[in-house]
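Results of the structural survey
Each chain, written out:
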Amino acid sequence: MDKQIKILGFAGSLRKGSYNKAILRAALELLPEDAKLEIFDLEGIPPFNSDLENRMPEIVKEFKAKIRAADALLIATPEYNYSIPGVLKNAIDWASRPYGDNAFEGKPAAIMSASSGMLGAVKAQFHLRQTFVFLDVLAFNRPEVVVTFAGEKIDDKGRVTDEKTREKIKELLMALVAWTIRLKGDNSQKAK
Ligand SMILES: Cc1cc2nc3c(=O)[nH]c(=O)nc-3n(C[C@H](O)[C@H](O)[C@H](O)COP(=O)(O)O)c2cc1C
């Protein structure tokens, strides 16, 4: 394994002022030294069409290749109507196909979520975990990063200003790195 753990991050929101994009950007600043993070924007991924599974749009090929090249995934999801947004599910569906060519197979992953309300999109996290069962994505359980009342913790420039939230994201990233090393069975880098 490369010395640095390669993490691919994506958010289930397309809007510029997205709180979930903001917590992903915060992760860029809070990474442990032994990890790097690339953020992939889901903008431009067309609606899934099974007829195109064997001649996928270029952006989907790129997304799948980046998932495959990553050691681990970091997903930030909003909650839409008690579930994950269609944009996120759509991207996941593309990358899971065609049958037998699931790019997510066995990937270590961390989930976080942010919402403007008091529940922090926790139900969306559970729905995402359900999908991950089928895709064999290995999402760990703790710490949980659930950013409630995100408008009070993220400023109008999209920077996470709340120290506790920053600390939680940092803990999540450390746990993701340790989890990834553990799953890869690389004893020389095993987290202490
Ligand atoms: C279609 C739609 C459905 C929503 N449903 C929920 C919901 O079920 N639970 C919740 O906490 N927030 C809900 N919200 C509010 C979003 O969580 C909130 O707008 C959040 O900031 C969106 O994420 P983003 O800032 O990353 O774009 C909904 C918003 C939209 C647009």
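All of these numbers come straight from a predicted model, not from anything done at the bench.

**Some points on the overall build of the chain**
- Looking only at helices and strands, one finds five helices and six strands in the chain.
- For the chain, the succession of helices and strands along the chain, N to C, is β-α-β-α-β-α-β-α-β-β-α.
- In terms of C-alpha radius of gyration, the chain reaches 16 Å, essentially the compact-globule figure of 16 Å for 192 residues.
- When the backbone C-alpha atoms are referred to their principal axes, the chain occupies close to 45 × 45 × 25 Å.
- Buried positions account for 49% of the 192 residues belonging to the chain.

**A short note on the site of the ligand**
- Close contacts around the ligand come from Ser13, Arg15, Ser18, Tyr19, Asn20, Pro78, Glu79, Tyr80, Asn81, Tyr82, Ser115 and Ser116, and that covers them all.
- Here Tyr19 contributes a backbone N or O atom positioned 2.9 Å from an oxygen atom of the ligand.
- For the ligand, an oxygen atom lies 2.9 Å from a polar atom in the backbone of Tyr82.
- Partitioned by chemical class, the residues of the shell around the ligand number four nonpolar, six polar and two charged.

**A short note on helix α5 (residues 163-184)**
- A rise of 1.5 Å per residue sets the reference length of α5, with its 22 residues, at 32 Å; its end C-alpha atoms lie 32 Å apart and thus fit the reference within 8%.
- Looking at α5, one finds that the buried residues are Thr165, Arg166, Ile169, Leu172, Leu173, Ala175, Leu176, Val177, Trp179, Thr180 and Ile181.
- Among the residues trailing α5, Gly185 stands out with phi positive, at a value near 65°.

**Some words on the confidence of the model for the chain**
- Confidence along the chain averages 95 in pLDDT terms, with 95% of residues attaining 70 or more.
- Counting interchain partners and residues more than four positions distant, the pLDDT-below-50 stretch residues 187-192 has seven contacts.

**Re the pattern of salt bridges**
- For the structure shown, the criterion picks out twelve salt bridges.
- Note that Arg166 and Glu29 form a salt bridge whose closest N and O atoms lie 2.6 Å from each other. Taken as a pair, Arg166 in helix α5 and Glu29 in helix α1 (residues 19-30) lie far apart in primary sequence, 137 residues in all.
- Connected through salt bridges with shared partners, the residues Glu29, Arg159 and Arg166 form a single ionic network.

**Regarding a nonpolar patch on the surface**
- On the surface, a nonpolar cluster with roughly 320 Å² of combined accessible area is contributed by Met118, Leu119 and Phe149.
- When you line up the elements, Leu119 lands in the loop between β4 (108-114) and α4 (122-135).
- Take Leu119: its relative accessible area is 48%, and that puts it in the partly exposed class.

Thresholds applied
Residues numbered from 1 in each chain as written. Predicted model: local features only at pLDDT ≥ 70, side-chain atom pairs only at ≥ 80, totals over all residues. Heavy atoms only, no water. Helix = DSSP H or I, 4+ residues; strand = E, 2+ residues; numbered from the N terminus. Rg over C-alpha atoms; globule rule 2.2 N^0.38 Å. Buried < 20%, exposed > 50% of the residue type's maximum accessible area, 1.4 Å probe, protein only. Near = heavy atom within 4 Å. Polar contact = N/O pair within 3.5 Å; in protein donor to acceptor, adjacent residues only side chain to side chain. Nonpolar A, V, L, I, M, F, W, Y, C, P; charged D, E, K, R; others polar. Expected span 1.5 Å × (residues − 1). pLDDT = per-residue confidence, 0-100. Contact = heavy atoms within 4.5 Å. Salt bridge = Lys/Arg side-chain N within 4 Å of Asp/Glu carboxyl O. Patch = residues over 30% accessible without salt bridge, like charges linked within 9 Å, V, L, I, M, F, W, Y side chains within 5 Å. Areas by Shrake-Rupley, 256 points an atom, 1.4 Å probe, with all protein chains shown as cover.

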